[in-house]
Amino acid sequence: KAGVTQTPRYLIKTRGQQVTLSCSPISGHRSVSWYQQTPGQGLQFLFEYFSETQRNKGNFPGRFSGRQFSNSRSEMNVSTLELGDSALYLCASSLNQASGYNEQFFGPGTRLTVL
Amino acid sequence: AQTVTQSQPEMSVQEAETVTLSCTYDTSENNYYLFWYKQPPSRQMILVIRQEAYKQQNATENRFSVNFQKAAKSFSLKISDSQLGDTAMYFCASRTQGGSEKLVFGKGTKLTVNP
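Residues numbered from 1 in each chain as written. Chains lettered and ligands numbered in written order. Predicted model: local features only at pLDDT ≥ 70, side-chain atom pairs only at ≥ 80, totals over all residues. Heavy atoms only, no water.

> Please provide a residue-by-residue account of the pattern of salt bridges, values included.
Any two side chains of opposite charge can pair, on the condition that their charged atoms come close. Using the criterion set out here, one finds nine salt bridges over all chains in the structure. R55 of chain A is paired through a salt bridge with E48 of chain A; the nearest N and O atoms lie 2.5 Å apart. Given a relative accessible area of 32%, R55 of chain A falls into the partly exposed group. The class for E48 of chain A is buried, based on a relative accessible area of 0%. The closest approach of N and O atoms between R50 of chain B and E52 of chain B, which form a salt bridge, is 3.0 Å. Because the salt bridges share partners, they merge into one network encompassing R63, E82 and D85 of chain A. (Salt bridge = Lys/Arg side-chain N within 4 Å of Asp/Glu carboxyl O. Buried < 20%, exposed > 50% of the residue type's maximum accessible area, 1.4 Å probe, protein only.)

In C-alpha cells:
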C-alpha cells in the first residue's frame, strides 16, 4: 500500500505570491492533518480535515486555508506569502475509525522557500 | 491547552550504549495519548512508540521503551543498544483521546549515535 504522498516536494516562491500544496492520504484513510515545521517554532498544527469538513484549526492567520475532497485528498493554500512562511509542511493521514486508536502516518513533506 | 516540553536540544551516545530522552507535558485531559516520533535526516516522520495515559504499564517496542510517570507528567524514551540508524530528531507529542487527532509536539531532541 502506498504511503502518504505530498506534492510538490520542493517549492520556491517570492513574497506576495500564493501557493497550493497537495496531500494524498493512504488509500482508505479519511482524516488528513497538516503541520508546519520551522527551526524556530518547531512543529505546529495547521488544520485537520475529516470527510471534507475542517474539524480543527491551529492558530494561524487567515492567509492559511485548506480543503479536503471527496476522495480524501487535501490541499492547503497560503496567500500573500511572507518570508516567515518558509518551512517544511507535513501532512498526516489516518483511518479515523470511531473506536480505538488510529495511527497517523506522515508524508515526506513539502519544503517551501519564500524569497 | 496541551503543552509538551523537551529540555534536551541535542544528545549523543556511543553505538551499543543506552540513552534516555526526556519529555514533560501538561494537559487538563483525563484521556490522552503520548508518543515519541523519529524524524531521520530524510525527513519522514515515523512513530516510535505510543502510550495510553490510562495504562500504568510502560510501553515497549523492541529496543525502545518509555518511563511514563503520570503524576509527574513525565514521559521519557529509553533507547537500548543504540544503532547508527537511530541518529535522528526525536519528538515527544501528545494527543487527546477521541475526537480531534491534533498532535502537540515538543521542540525535539537531536540524537547522534557515534560509531
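> Mind laying out the pairing of strand β9 (residues 74-79) of chain B, listing which residues take part and the relevant values?
Residues and elements named next belong to chain B. Alignment of strand β3 (residues 19-21) against β9, held across three bridges, turns out to be antiparallel. Bridging from a neighbouring strand, L21 pairs with L77 of β9. Bridge analysis of strand β8 (residues 64-69) against β9 gives six bridges, and the strand direction is antiparallel. The residue bridging F68 from the neighbouring strand is F75, located in β9. Hairpin connection, β8 to β9: the antiparallel pair is bridged by four residues, and K73 has positive phi, about 55 degrees. (Pairing = 2+ DSSP bridges. Helix = DSSP H or I, 4+ residues; strand = E, 2+ residues; numbered from the N terminus.)

> Can you explain the nonpolar core? Please cite residues and give values.
Residues W36, F75, L77 and Y90 of chain B are the most contacted members of the largest nonpolar core, which totals 25 residues. Only β3, β5 (32-39), β6 (46-52), β8, β9, β10 (88-96) and β12 (109-114) of chain B provide two or more residues apiece to this core. Apart from residues lying up to four places away in sequence, F75 of chain B is in contact with C23, Y25, L34, F35, W36, Q51, V66, N67, F68 and C92 of chain B. If you look at the next biggest cluster of nonpolar residues, it comprises 21 residues, including V19, F60, Y89 and V114 of chain A. (Core = buried A, V, L, I, M, F, W, Y, C linked by side-chain atoms within 4.5 Å. Contact = heavy atoms within 4.5 Å.)

> For the interface of chain A and chain B, give the residues involved together with the corresponding values.
Contacts between the two partners involve 27 residues from chain A, matched on the other side by 18 residues from chain B. Roughly 1900 Å² is buried in total at the junction of chain A and chain B, and carbon and sulfur atoms are behind 46% of that figure. When the buried area of chain A at its contact with chain B is split by residue, L43, Y101 and F106 of chain A rank highest and sum to 35% of it. Seen at the junction of chain A and chain B, the total is zero salt bridges. Here chain A is connected to chain B by 12 residue pairs in polar contact (both at pLDDT 80 or more). Where the side of chain A that touches chain B is concerned, the elements lending two or more residues are β4 (31-38), β5 (42-50), β6 (53-57) and β9 (87-94) of chain A. (Buried area = accessible area lost by both parts, 1.4 Å probe. Polar contact = N/O pair within 3.5 Å; in protein donor to acceptor, adjacent residues only side chain to side chain.)

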